[in-house]
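Spelled out, the chains give:
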Amino acid sequence: MTNGISYLCQNMKYLRWLLFPFSLLYGLVVIIRNWCYDAGFFKSYKFTEPIISVGNLDVGGAGKSPMTEYLIRLLKDNYKLATLSRGYGRKTKGYLVAGEESRIKSRESREEIKHSPLSTATATATNFGDEPAQFKHKFPDITVAVCENRVEGIKNLLPDNDLVILDDAYQHRAVEPGLSILLFDYNHINEPHLLLPAGNMREPFSGRWRAQIIIVTKCPAQLTMDEQSALAQKIQPLPYQHLFFTSIAYQPLDDLEGRPAEINIDKETTVFLLTGIANARPLVQYLKGVTSDIVHHNYPDHHPFTLKNITKLAAEFTACASQKKVIVTTEKDAQRLEEPWFKSVQPADGKLPVFVVPIRVEFLSDGGDRFNQLIIDYVRKHTTYHSLH
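The structure presented is a predicted model; accordingly, all values stated were derived computationally and were not measured.

Between helix H3 (residues 64–75) and helix H13 (residues 367–381), whose axes approach to 11 Å, the crossing angle comes to 65 degrees. In terms of axis orientation, H3 runs roughly perpendicular to H13. Both H3 and H13 take part in a crossing whose hand is right-handed. The segment H3 lies against H13, with Met 67, Tyr 70, Leu 71, Leu 74 and Leu 75 engaging Gly 368, Phe 371, Asn 372, Ile 375, Ile 376 and Val 379.

So, in structure tokens, the structure goes:
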């Protein structure tokens, strides 16, 4: 088995080099596009109100959603804020606000949403994508919106909100945010900076100059100052850029409704782990620190779980002879378990014990206070009034 994996990895390396000419072409297109925006040939809108962008240079999970949630927690009590995402994976189109006022049940209602700029729908992964649905479920008092056209989305949101947080918008050059936060995954920062499709970069590494704040995410909690200095040498932040380091802090388990779960995982527990995220390795490593008995059902990022997927999981869980067993998933994946068919796989003797492991961002080396002050100062400077004061 090990030899097979090594053979596959070696072939993948050769395939990447075969794709390298396409990366050169892709890179040329990206460079020309960025130059057109920088030179003013393509219009980039800048708003007087605070617009904060969270993004990364490569594809995959650098921790944009946890960072967006960190900003929400920091600002929501003093400002009326909104998040705006493209809504990756949703089956709707156009501008849509998360709410309970209407439910999408038919093709006709979907068409209505496409053409009404102020439509609302229930915050499900189908309507909004998994990450925006997660934001609304965790922070029901904020405005959560999706729109492919970020300029249109911001214009719709600003009359009723003090600021807008853009999730995964670093490459969306049609908007010039007042503050850009750029994330780098600690686990990938030393990899070659190859562009798509040979590599994982959306744009050249030099594109980092547009950010005012750079954060290396998913660092070991005990990352030393020498290791931080080595990473800073790798990134080479410009004089106006602030560099921070964060780690993942896993929280106690919740149920699917977001309520604290009265359950503990120990070495006697068999964990059936269900993930459809870009990088599940940190979560797997965390769980291995508690139990070695992990059955991982691993799917690609944003994978729309099907009845077949969940039926397989339920069958393996039911057949497991362990006296103590649970199903664990991530907050983002939990948003895609709200389909009606999920109820059809529940065993006759009760519900499947599915629990969610929340995560939070923790700044290293007392960087949290400095980061918080940067954000608060920016928002305060560009906000003429407080909606909540």
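With that settled, consider the confidence of the model for the chain. Per-residue pLDDT for the chain has a mean of 88; in total, 88% of the residues score no lower than 70. Taken element by element, the chain is modelled with least confidence in helix H4 (residues 107–115), mean pLDDT 38, and with most confidence in strand S8 (residues 213–217), mean pLDDT 98. Note that residues 1–10 has pLDDT below 50 and, in this model, zero contacts with residues that lie over four places away or in other chains. Segment residues 100–118 is flagged for pLDDT under 50; beyond a separation of four residues in sequence, or across chains, it makes 25 contacts in the model.

Working definition: an aromatic ring pair is given by the centre-to-centre distance plus the angle between the planes. By the definition in use, this model includes eleven aromatic pairs. A centroid spacing of 5.3 Å and a plane angle of 80 degrees characterise the contact between Tyr 37 and Phe 42, whose relative ring orientation is edge-to-face. Since its relative accessible area comes to 15%, Tyr 37 is described here as buried. Ring centres of Tyr 70 and Phe 371 lie 5.7 Å apart, and the angle between their planes is 65 degrees; this geometry places the pair in the edge-to-face category. In this pair, Tyr 70 is assigned in helix H3 and Phe 371 in helix H13, connecting sequence segments 301 residues apart. Here the aromatic cluster, defined as three or more aromatic residues joined through ring pairs, consists of Tyr 70, Phe 244, Phe 363 and Phe 371. The side chain of Lys 43 reaches across the aromatic face of Tyr 45, ending 4.8 Å from its centre. A cation over a ring is seen here: Lys 325 above Phe 317, with NZ or CZ 4.7 Å from the ring centre.

Time to look at the pairing of strand S12 (residues 325–330). Regular strands show a simple pattern: their side chains alternate between the two faces of the sheet. Burial analysis of S12 places five of its six residues in the buried class, which makes it a mostly covered element. In this sheet, strand S13 (residues 354–357) lies alongside S12 in parallel orientation, the contact comprising four bridges. Paired with Ile 327 across the bridge in S13 is Val 354.

Assignment of secondary structure puts Ile 214 in strand S8. Residues Ile 214 and Leu 183, spaced 31 residues apart in sequence, show a C-alpha to C-alpha distance of 5.9 Å. Setting aside residues up to four positions removed in sequence, Ile 214 forms contacts with Leu 182, Phe 184, Ile 235, Gln 241, His 242, Leu 243 and Phe 244.

Time to look at the nonpolar core. Counting 35 residues, the largest nonpolar core has Ile 52, Met 67, Leu 75, Ile 181, Ile 215, Phe 371 and Ile 375 as its most contacted members. Of the residues forming this core, the biggest block, six residues, is contributed by H3. Residues in contact with Ile 215, not counting those within four places in the same chain, are Met 67, Ile 181, Leu 182, Leu 183, Phe 184, Phe 244, Thr 246, Phe 363 and Phe 371.

With that settled, the discussion passes to the sheet that holds strand S11 (residues 294–298). Taken together, the four strands give an open sheet; going across it, the order is S11-S10-S12-S13, and neighbouring strands pair in parallel fashion. Bordering the open sheet on either side are S11 and S13, each of which pairs with just one other strand. Averaged over all neighbouring strand pairs, the angle between strand axes comes to 25 degrees, with direction disregarded. Packed onto the sheet, helix H9 (residues 281–288) meets strand S10 (270–275), S11, S12 and S13 and runs at close to 170 degrees relative to S10.

This brings us to the sheet that holds strand S5 (residues 143–146). Taking strand neighbours across the sheet as the criterion, the ten strands line up as S4-S3-S5-S2-S6-S1-S7-S8-S9-S14 in an open arrangement whose pairing is mixed. In this open sheet, the two strands that pair with only one neighbour each are strand S4 (120–121) and strand S14 (359–363). Note that S8 and strand S9 (residues 242–250) share four bridges and pair parallel. Bridging from a neighbouring strand, Ile 214 pairs with Leu 243 of S9. Against the sheet, helix H8 (residues 225–235) contacts strand S7 (179–185), S8 and S9, and its axis sits at roughly 125 degrees relative to S9.

Scoring rules and cut-offs
Residues numbered from 1 in each chain as written. Predicted model: local features only at pLDDT ≥ 70, side-chain atom pairs only at ≥ 80, totals over all residues. Heavy atoms only, no water. Axes fitted to C-alpha atoms, helices over the stretch in contact; angles between N-to-C directions. Helix = DSSP H or I, 4+ residues; strand = E, 2+ residues; numbered from the N terminus. Parallel < 35°, antiparallel > 145°, perpendicular 65-115°, else oblique. Left-handed = near helix turned anticlockwise from the far one by under 90°. Contact = heavy atoms within 4.5 Å. pLDDT = per-residue confidence, 0-100. Phe/Tyr/Trp six-rings, centres within 6.5 Å; stacked < 30°, edge-to-face > 60°. Buried < 20%, exposed > 50% of the residue type's maximum accessible area, 1.4 Å probe, protein only. Lys NZ or Arg CZ within 6 Å of the ring centre and 35° of its normal. Pairing = 2+ DSSP bridges. Core = buried A, V, L, I, M, F, W, Y, C linked by side-chain atoms within 4.5 Å.

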